[in-house]
Amino acid sequence: MTRNEADDSFLVSAAHHSLDMREMAHAARSGTADSSVASFTTVIGHTTGAMYHDLQHLAKGALLLPKDPSTGILTKRQQMDLLIGIERDSAFMAYQVAAYEGLIDLFSHQVSYGQFKPVKEYAIKQLPDLIFQKERTESILKRL
């Protein structure tokens, strides 16, 4: 079985999420007040970079994935740049919780309805880590 439109839509959406999360982590890194948030920005940078690489491999050049963050995330970044200290950290972590929720929904849908085996298996493999990272993000946010 080959990739269908729904599989391609998953790959594009997941790529957008990973680029947007990485952009926000990069922006947050320069002004964090809390050391756990600073460490978390590095984790986000690495994990979303690896995710994007995996998605490119799954697309195999036959599907053009986005290469830049969405325009909406640039607006959120500008809004976050106006904040300082714990307020900035809290805004960043709240964004990441929502982003993980979106990714979990996206990956769960792919697990349930995906048709192309390699893409579906990737979603199955990644889903537990996404849930763990969301819980970790919520824990840091609650502590702030």
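Quick note: structure is the one above.
This part takes up the environment of Ala25. Take Ala25: it is sitting in helix 1 (residues 5-29). A relative accessible area of 0% means that Ala25 is categorised as buried. Residues in contact with Ala25, not counting those within four places in the same chain, are Thr41, Ile44, Gly45, Phe92 and Gln96.

Applying the stated criterion to the full structure yields two aromatic pairs. Ring geometry for Phe10 versus Phe107: centroids 4.9 Å apart, planes at 75 degrees, classification edge-to-face. Of the two residues, Phe10 is situated in helix 1 and Phe107 in helix 4 (residues 85-113); the sequence distance between them amounts to 97 residues. On the basis of an interplanar angle of 50 degrees and a centroid distance of 6.0 Å, the ring pair of Phe107 and Tyr122 is categorised as tilted. Of the two residues, Phe107 is situated in helix 4 and Tyr122 in helix 5 (residues 117-143); the sequence distance between them amounts to 15 residues. With respect to class, Phe107 is no different from Tyr122; both count as buried. Here the aromatic residues Phe10, Phe107 and Tyr122 are joined through ring pairs into a cluster of three or more.

With that settled, consider the pattern of salt bridges. If the charged atoms of two oppositely charged side chains come close together, the side chains can form a pair. Within the structure shown, the criterion is met by seven salt bridges. Measuring nitrogen to oxygen at the nearest pair gives 3.8 Å for the salt bridge that ties Lys117 to Glu121. With Lys117 and Glu121 both in helix 5 and four residues apart, this pair spans about one turn of that helix. Look at Glu121 and you get partly exposed, because its relative accessible area is 44%. In the salt-bridge network here, residues are joined through shared partners; they are Glu23, Arg77, Asp81 and Arg88.

Cut-offs and rules
- Residues numbered from 1 in each chain as written.
- Predicted model: local features only at pLDDT ≥ 70, side-chain atom pairs only at ≥ 80, totals over all residues.
- Heavy atoms only, no water.
- Helix = DSSP H or I, 4+ residues; strand = E, 2+ residues; numbered from the N terminus.
- Buried < 20%, exposed > 50% of the residue type's maximum accessible area, 1.4 Å probe, protein only.
- Contact = heavy atoms within 4.5 Å.
- Phe/Tyr/Trp six-rings, centres within 6.5 Å; stacked < 30°, edge-to-face > 60°.
- Salt bridge = Lys/Arg side-chain N within 4 Å of Asp/Glu carboxyl O.

In short, shape yes, function no, at least from these values alone.
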